[in-house]
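Close look at the chain arrangement
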Amino acid sequence: MSNTLSNTQIKDEIVKATEHLFRSGVMSHSGHANISARSEDNEMLLSIEGQVRNLTASGIARVTLEGVDVDHLLDPTNTEIVRMHSEIYKLRPKVGAIIHTHSPSLLAFALAAKELPIRYEALLRFGQASNVPVAPWAPRGSDESITSIINCVIENEQTNAVLLANHGVLVFSTTPWATAALLVALEEAAQGELAAIALGGAIPFPQGALKKVLESIARVH
Ligand SMILES: [Zn+2]
């Protein structure tokens, strides 16, 4: 499903969503992330370097879903992450944007290889009503790593995010802004879960509540 906006407009959305993420304090301390959106030609617009602090439109390249770097702009370190994005676009036709980073509290769950439970209202609002699963670790960019992530997404068809064990998080939704909003909610949830441990632990939603939400939620598939 191609994006109805022009590539110039989509790049602008990516830049604005990225700025929002830094302002919200949910990014990796290093500024490391890779961010993409589906383009007007059903290709990807992908950040060219592994660091997106002060990202501008000139730091975003066109890459096909087969991995061809149309503009020849991708930094060699980012060629490894192309398939992590393109395979999700192929698998989920309605996904319009993908963000990978190492948000500090989500990273704690990824390092512990623990699913993020859904016990925070904002997650429901931004499209996540099931636990965030963990994809087992494999070397960055390897076939094994891509297979691990894709299998995790296939096995958890309700999820719009995957924790990458020993690494970070991958979030996907309809637009750069929606994806950024979900990432902020996920990081808040992870932070809240960890803080609640000191108070006896977070409690689940009332019985049956999540099922109702899942039936009505606008899922991204
Ligand atoms: Zn990473």
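Residues numbered from 1 in each chain as written. Predicted model: local features only at pLDDT ≥ 70, side-chain atom pairs only at ≥ 80, totals over all residues. Heavy atoms only, no water.

The name that an unreviewed UniProt entry assigns to the protein is L-fuculose phosphate aldolase, with the source organism given as Acidithrix ferrooxidans.

The helix and strand inventory of the protein stands at eight helices and seven strands. By the compact-globule yardstick of 17 Å for 221 residues, the protein fits well, its C-alpha radius of gyration being 16 Å. Along the three orthogonal principal directions, the C-alpha set of the protein runs to about 50 × 35 × 35 Å. In the protein, buried positions account for 50% of the 221 residues. The contacts of the protein with a sequence gap of at least 6 include a subset with a gap of at least 24, amounting to 67%. Surface accessibility of the protein: about 10200 Å² in total, with carbon and sulfur atoms responsible for 54%. On the protein, the mean spot of the 17 positive side-chain charges and the mean spot of the 23 negative ones are 6 Å from each other. (Helix = DSSP H or I, 4+ residues; strand = E, 2+ residues; numbered from the N terminus. Rg over C-alpha atoms; globule rule 2.2 N^0.38 Å. Buried < 20%, exposed > 50% of the residue type's maximum accessible area, 1.4 Å probe, protein only. Contact = heavy atoms within 4.5 Å. Areas by Shrake-Rupley, 256 points an atom, 1.4 Å probe, with all protein chains shown as cover. Lys, Arg positive; Asp, Glu negative; His and termini not counted. Charge placed at Lys NZ, Arg CZ, Asp CG, Glu CD.)

All right, on to the coordination of the zinc ion then. Looking at the metal site, the zinc ion is ligated by His 32 (NE2), His 100 (NE2), His 102 (NE2) and His 167 (NE2), spaced 2.1 to 2.4 Å from it. Bound by four donor atoms, the zinc ion shows angles of 91 to 167° at the metal and therefore irregular coordination geometry. Of note, the donors binding the zinc ion are all from one chain and are spaced H-x67-H-x1-H-x64-H. With His 32 in the loop between helix 1 (7-23) and strand 1 (33-38) and His 102 in the loop between strand 4 (97-101) and helix 4 (104-112), this pair connects stretches of sequence that are 70 residues apart. (Donors = N, O, S within 2.8 Å, 3.2 Å for Na, K, Ca; no water. Tetrahedral: all angles 85-135°; square planar, octahedral: opposite > 155°, others 65-115°.)

Quick look at the sheet that holds strand 2 (residues 44-47) now. Taken in spatial order, the seven strands make up an open sheet running 3-2-1-4-7-6-5, and their pairing is mixed. Each edge of the open sheet carries a strand with a single partner, namely strand 3 (60-63) and strand 5 (134-135). Contacting strand 1, strand 2, strand 3, strand 4, strand 6 (161-164) and strand 7 (168-173), helix 3 (residues 82-91) crosses the sheet at an angle of about 30° to strand 1. Its contacts with the sheet place helix 4 against strand 6 and strand 7, and it is angled at close to 65° to strand 6. (Pairing = 2+ DSSP bridges. Axes fitted to C-alpha atoms, helices over the stretch in contact; angles between N-to-C directions.)

The residues that UniProt annotates with the feature "domain: Class II aldolase/adducin N-terminal" (unreviewed entry) are residues 12-194. For residues 12-194, the end-to-end C-alpha separation is 34 Å, with 39% helix and 17% strand making up the annotated structure. (UniProt positions renumbered as here; feature names shortened; annotations may be inferred.)

Note that Leu 182 resides in helix 7 (residues 176-196). What makes Leu 182 buried here is its relative accessible area of 0%. Counting along the chain gives 163 residues from Leu 182 to Glu 19, while the straight-line C-alpha distance between them is 15 Å. When residues no more than four places from it in sequence are discounted, the contact partners of Leu 182 are Leu 123, Phe 126, Gln 128, Asn 160, Val 171 and Phe 172.

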